[in-house]
Amino acid sequence: MSDVRDIDEESLKLAREVIADGGLVVIPTDTVYGIAADPRNAEAIERIYEAKQRPHSKPLQVLAANVDDIEALGLELPSPLNRLAAQFMPGAFSPIAVANEHCTLKTISATPSGVMTQGVRVPNSYASLTVLRALGPVAASSANRSGQESAQSVEEALDALGNDVDLYLNGGATAGHVASTVVAADPHERDGIAILREGVIPAAIIRRAIHLNGGGLGL
C-alpha cells in the first residue's frame, strides 16, 4: 500500500530513497500536485507514463529547485527565454530548454528539426522547493490520470493514482487546477516565442515582458 506522509526530514529521506530506487513520489507544486521520478532513469519515467495512462507523445517536465540547476543538467534557455526566466522563475512559467550533447536526461525529446529539448520549471512555493532541494531535479507530470482534472491535494492525487505511486508527500492544498504557461523560443513566431500552453501567466503578460526596457533581451 502507498505511503502518505507530511513533509519533514524523515519523509524527505524516504523520498530520496524511493527516487534512487526508481520509484514514484507525488509532490506538491505551486499550481497542482505532481508525480515525480528520477529524470535519468528510463524505467522510472516509463512508470510515470503507465501510472497516468499518458501518451508517450506528451513529454514530461523537469522540476528543479533553482534556475542554476537547469544549466547543470546540460540544458540551456535560448533567447528570449533566458530573459523571461529571470522575470518569471520561480513561478508558473515553463520554458522549453535546449539540451546539449552532454545532457543525460531521459526525458528530452526531438523537435521536427532534430533539436533536443526539455520543458523545465522552478515552482514558487515553500513546500515544493523544500522537496526539490532535498531530492534534486525530478521528471514530473501532474498527479492525475491523463485527461482527468489535476490534483489540488494529496487526497485527490491518492484517489487518482492509488498504489501506482510509492510515496505521497502532503504539502497541503495547492493554489489551483490551472497549470503553468509553457513557452518555446521560435524566431518565426510573434515576439520570437510560441505559447504552447497558456496557464497561470497569461500570454499577454509574457509578451509584454519581452519588450520591457526597450526590448533589450540579451543572449
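Residues numbered from 1 in each chain as written. Predicted model: local features only at pLDDT ≥ 70, side-chain atom pairs only at ≥ 80, totals over all residues. Heavy atoms only, no water.

**Quick notes on the overall build of the protein chain**
Defined as follows: By the criteria applied, helices consist of DSSP H or I runs no shorter than four residues and strands consist of E runs no shorter than two, each listed in order from the N terminus. Our radius of gyration is a C-alpha quantity, and the globule rule it is checked against amounts to 2.2 Å times the number of residues to the power 0.38. Throughout, the Shrake-Rupley method with a 1.4 Å probe supplies accessible areas, and for residues the shown protein chains are the sole cover considered. Positive charges come from Lys and Arg alone, negative charges from Asp and Glu alone, with His and the N- and C-terminal ends not counted. A charge is said to be at NZ when it belongs to Lys, at CZ for Arg, at CG for Asp and at CD for Glu.
Helix and strand counts for the protein chain come out as seven helices and twelve strands. Over its C-alpha trace the protein chain gives a radius of gyration of 17 Å, about what one expects of a compact globule, namely 17 Å for 219 residues. Principal-axis analysis of the C-alpha atoms places the extent of the protein chain at approximately 55 × 35 × 30 Å. Accessible surface for the protein chain amounts to roughly 10400 Å². Of this, 50% is attributable to carbon and sulfur atoms. One finds the centroid of the 17 positive side-chain charges in the protein chain at a distance of 5 Å from the centroid of its 27 negative side-chain charges.

**A few points about the nonpolar core**
Basically, it comes down to this: Here, nonpolar core means buried Ala, Val, Leu, Ile, Met, Phe, Trp, Tyr and Cys residues that are tied together by side-chain atoms lying within 4.5 Å of each other. Type-normalised accessible area, obtained with a 1.4 Å probe on protein chains alone, sets the label of each residue: buried when under 20%, exposed when over 50%, and partly exposed for intermediate values. Any two residues having at least one pair of non-hydrogen atoms within 4.5 Å are treated as being in contact.
Formed by 24 residues in total, the largest nonpolar core has its most connected members in Leu-75, Leu-84, Phe-93 and Ile-206. Elements supplying a minimum of two residues to this core: helix H4 (81-88), strand S6 (93-99) and helix H7 (203-210). Of the residues forming this core, the biggest block, four residues, is contributed by H4. In this structure Leu-84 touches Phe-93, Ile-193, Ile-206, Ala-209 and Ile-210, once residues within four positions along its chain are discounted. Listed in part, the 20 residues of the second largest apolar core include Leu-24, Tyr-49, Leu-60 and Ala-151.

**Focus on the packing of H4 against H7**
For the record, the criterion: Angles here are taken between N-to-C directions and fall from 0 to 180 degrees, while the axes themselves are lines fitted to C-alpha atoms, restricted in helices to the stretch in contact. The labels follow the angle: roughly parallel below 35 degrees, roughly antiparallel above 145, roughly perpendicular from 65 to 115, and oblique for the rest. Helix crossings get a hand from a simple test, with the near helix turned counterclockwise from the far one by less than a right angle marking a left-handed crossing and a clockwise turn marking a right-handed one.
At a closest axis distance of 10 Å, the pairing of H4 and H7 adopts a crossing angle of 115 degrees. Taken as axis vectors, H4 and H7 run roughly perpendicular relative to one another. At the point where H4 passes H7, the crossing takes the right-handed sense. For the pair H4 and H7, the contacting residues are Leu-84, Gln-87 and Phe-88 in the first and Ile-205, Ile-206, Ala-209 and Ile-210 in the second.

**With respect to the confidence of the model for the protein chain**
Put simply, the rule reads: Residue-level confidence of the predictor, termed pLDDT, takes values from 0 up to 100.
When pLDDT is averaged across the protein chain, the result is 93; 96% of the residues are at 70 or more. Below a pLDDT of 50 lies the segment residues 214-219, which in the model reaches eleven contacts outside its immediate sequence neighbourhood of four places, other chains included.

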